[in-house]
Amino acid sequence: MEPEAKQGGAVRVGMIWGGVGGVVGFLVSLLGSLAGLVAAAFIGFSCGRRAAEAERGRRKGALAGLVGGAMAAPVFVLGASAGTLAAARQIGASAMAQSLSDWMGMEVSAEQAWDLFLVSVAFFALLQAAVLIGLSAAAGAWAGRRGGPQPP
């Protein structure tokens, strides 16, 4: 029963941390996409470390962290993007347009402001996924080195 319990260790850890990350990403991203980026770093580090521990003896730490991070990233990004969209909906496109008009010194319509906002959400989603997966792999490698020799 032991081999069955350990089967899919990094995938299982990634799914768990993806769910946790989705909720955390949603709540933190209500403050903005930059806050979601910081949360992605913490979720990625925790996920990678735990994935490496779950895969000890079967996969190298970095590969386990990469697998865990790749499983967690889509759910985290969806949660963080939804949080950002919920916050923007409360602000409203006309308020965003007015802020952009004041900041840029030119007239920006509400539709243009909303389009620009959606592009920024997509950009931050990609950036958050890259940070989460990268830190997850790095944390997995770090945990693998700390835990002793891994099989080839």
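Preceding this section is the structure that the text describes.
In this text the structure is predicted, and so the values were computed from the model without any measurement. Each residue is numbered by its place in its chain's sequence as written, counting from 1. pLDDT decides what is reported in this predicted model: residues at 70 or higher carry local features, side-chain atom pairs at 80 or more are listed and counted, and totals for whole chains, interfaces and linings draw on all residues regardless. Only heavy atoms go into the side-chain values, all of them from the structure, while hydrogens and water stay out.

## Thoughts on the overall build of the chain
- Counting its regular elements, the chain contains 6 helices and 0 strands.
- With the radius of gyration taken over C-alpha atoms, the globule rule is written as 2.2 Å times the number of residues to the power 0.38. Taken over the C-alpha trace, the chain has a radius of gyration of 19 Å; the compact-globule value for 152 residues is 15 Å, which it surpasses by more than 25%.
- Projecting the C-alpha coordinates of the chain onto the three principal axes gives extents of approximately 65 × 25 × 15 Å.
- Buried, partly exposed and exposed residues are distinguished by accessible area as a fraction of the type maximum, computed with a 1.4 Å probe on protein chains only: under 20%, between the cut-offs, and over 50%, respectively. For the chain, the proportion of its 152 residues judged to be buried stands at 39%. Going along the chain from the N terminus, every DSSP run of H or I of four or more residues is numbered as a helix, and every run of E of two or more is numbered as a strand.

## Focus: helix H5 (residues 93-104)
- What a helix is expected to span follows from its residue count: subtract one and scale by 1.5 Å. Taking 1.5 Å of rise per residue, 12 residues should cover 16 Å, and H5 covers 16 Å from first to last C-alpha, within 8% of that figure.
- In what follows, residue pairs with any heavy atoms lying within 4.5 Å of each other are defined as contacts. Check the buried side of H5 and you find it contacts helix H4 (61-91) and helix H6 (110-146).

## Here's the deal with the side chain of Ser136
- Position of Ser136 among the secondary structure elements: in helix H6.
- Relative accessible area serves as the criterion here: at 0%, Ser136 is assigned to the buried category.
- Aside from chain neighbours lying at most four places away, what touches Ser136 is Gly44, Cys47, Gly48, Gly65, Gly68 and Gly69.

## Some points on the environment of Ser33
- Relative to the elements of secondary structure, Ser33 occurs in helix H3 (residues 33-54).
- Separated by 34 residues in the primary sequence, Ser33 and Val67 place their C-alpha atoms 24 Å from one another.
- Aside from chain neighbours lying at most four places away, what touches Ser33 is Thr84, Phe124 and Gln128.

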